[in-house]
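If you want the building blocks of each chain, they are given just below.
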Amino acid sequence: MSEEEEEQNPNEDDNSREWEVVDEGDSSTTNTDPTAKGNESKKSVPGIIYLGYIPPLMRPSHVRHLLSAHGEVGRIFLQPRDKPIPKKKKKKQSGGNARNFTEGWVEFRDKRIAKLVAASLNGTPIGTRKRSHFHDDLWTMKYLHRFKWIHLSEQLAYEKTVRQQRMRVEISQAKRETNFYLQNLEKSASIAKVQEIKKRKGQPWEEKTWNFKQRQTEEEIQLQKNRKSDKGEVKRLKKAKLKAEEIQRKSQSNISLLSKIFNAGSAEA
């Protein structure tokens, strides 16, 4: 059975993602093993391992070479690291277009093998030889339970649409800012021409001044509310005091009236 390796990405361009897909092989090849019929009836379910850390200079071919020793590897996807925009263009050097990756997903043909590989290799050195570039790096992998490759494709498609929408919004905002700047530049140029013409004619030039009222802060609004509440409280206290004085006057008048009546009755007796 022959295997063919190639790098492609069905969801994004070659500059932003890097895929490595392995074909299933030639279907015309026959199996001479008599016990293969029973094994063919039981189809192996693929399993996916998540790689949380990808060392620098590691490529999908390296991942395939290292993990193929433990089982049959299917598809591999490595997430490339976002490159910062350079300030100045530099001359291309040999190996200058090498890309680094942040995380990855590896599909094994059999999920049982994927579980064993994740359990046995997690936390172990990637490179077995001292001269290897990855000798000081450790595997950081985890088996993804009930995770399928289609879930990864959907996630990548969703991230692509979100990134495109964000890019459109940023482009439209940049266009608006550019148009606003150009309009103000034209206005300033026309105002400068008018000012120069008036200076030549000896006419006075009055610059427009804009008087804007500053919006109140939260503290000022709260103080204003407290003052209003204090004024209302003072008014209520004044009303209550006046009412109490009026009641006191009425009670005094009633007392004086009763005293007059009782004093007049005692004098007649």
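Each value, and the rule that gives it
- Residues numbered from 1 in each chain as written.
- Predicted model: local features only at pLDDT ≥ 70, side-chain atom pairs only at ≥ 80, totals over all residues.
- Heavy atoms only, no water.
- Helix = DSSP H or I, 4+ residues; strand = E, 2+ residues; numbered from the N terminus.
- Buried < 20%, exposed > 50% of the residue type's maximum accessible area, 1.4 Å probe, protein only.
- Contact = heavy atoms within 4.5 Å.
- Areas by Shrake-Rupley, 256 points an atom, 1.4 Å probe, with all protein chains shown as cover.
- Patch = residues over 30% accessible without salt bridge, like charges linked within 9 Å, V, L, I, M, F, W, Y side chains within 5 Å.
- Salt bridge = Lys/Arg side-chain N within 4 Å of Asp/Glu carboxyl O.
- Lys, Arg positive; Asp, Glu negative; His and termini not counted.
- Charge placed at Lys NZ, Arg CZ, Asp CG, Glu CD.
- Phe/Tyr/Trp six-rings, centres within 6.5 Å; stacked < 30°, edge-to-face > 60°.
- pLDDT = per-residue confidence, 0-100.
- Core = buried A, V, L, I, M, F, W, Y, C linked by side-chain atoms within 4.5 Å.

Honestly, the overall build of the protein in this entry has me stumped. Any pointers?
Secondary structure summary: the protein contains five helices and six strands in total. Secondary structure elements of the protein occur, N-terminal to C-terminal, as β-β-α-β-α-β-β-α-β-α-α. Buried positions account for 20% of the 269 residues belonging to the protein. For the protein, long-range pairs separated by at least 24 residues make up 68% of all intrachain contacts whose partners lie at least 6 apart in sequence. When the accessible surface of the protein is summed, it comes to about 22600 Å², and 53% of that surface belongs to carbon and sulfur atoms.

In this structure, what is going on with a positive patch on the surface? I would like to understand it.
Residues Lys-225, Arg-227, Lys-228, Lys-231, Lys-235, Lys-238 and Lys-239 make up a contiguous surface patch of positive charge. Examined against the element boundaries, Lys-238 turns out to sit in helix α5 (residues 218-268).

What's the story with the packing of aromatic side chains in this structure? I'm lost.
Aromatic ring pairs: the centre-centre distance and the angle between the two ring planes describe each pair. Counted by the stated rule, this structure contains two aromatic pairs. When the centroid spacing of 5.4 Å and the interplanar angle of 55 degrees are considered together, the rings of Tyr-50 and Trp-105 count as tilted. Taken as a pair, Tyr-50 in strand β3 (residues 47-51) and Trp-105 in strand β5 (residues 101-108) lie far apart in primary sequence, 55 residues in all. Under the relative-accessibility criterion, Trp-105 is labelled buried at 8%.

Could you clarify how one ought to interpret the confidence of the model for the protein in this entry?
Parts of the model with low pLDDT should not have their predicted coordinates read in detail. Averaged over all residues, the pLDDT of the protein equals 77, while 76% of them reach at least 70. The secondary structure element of the protein with the lowest average pLDDT is strand β1 (residues 5-6), at 38, and the one with the highest is β3, at 94.

How should I be thinking about the nonpolar core in this particular structure?
For soluble globular proteins, nonpolar side chains are generally found buried alongside one another. Within the largest apolar cluster, 21 residues are counted, with the highest numbers of intra-cluster contacts made by Ile-49, Leu-51, Val-63, Leu-67, Val-106, Phe-108 and Met-141. Ranked by residue count, the leading element in this core is helix α3 (residues 111-121), at four residues. Residues within four places of Leu-51 in sequence aside, it is in contact with Val-63, Glu-103, Gly-104, Val-106, Trp-139, Thr-140 and Met-141. Of all hydrophobic cores here, the second largest spans seven residues; its members include Ile-48, Trp-105, Leu-144 and Trp-149.

How do you make sense of a nonpolar patch on the surface when you look at a structure like this?
Side chains of Leu-257, Leu-258, Ile-261 and Phe-262 sit close together on the surface and give an oily, nonpolar patch of about 430 Å² of accessible area. With respect to the secondary-structure elements, Leu-258 resides in helix α5.

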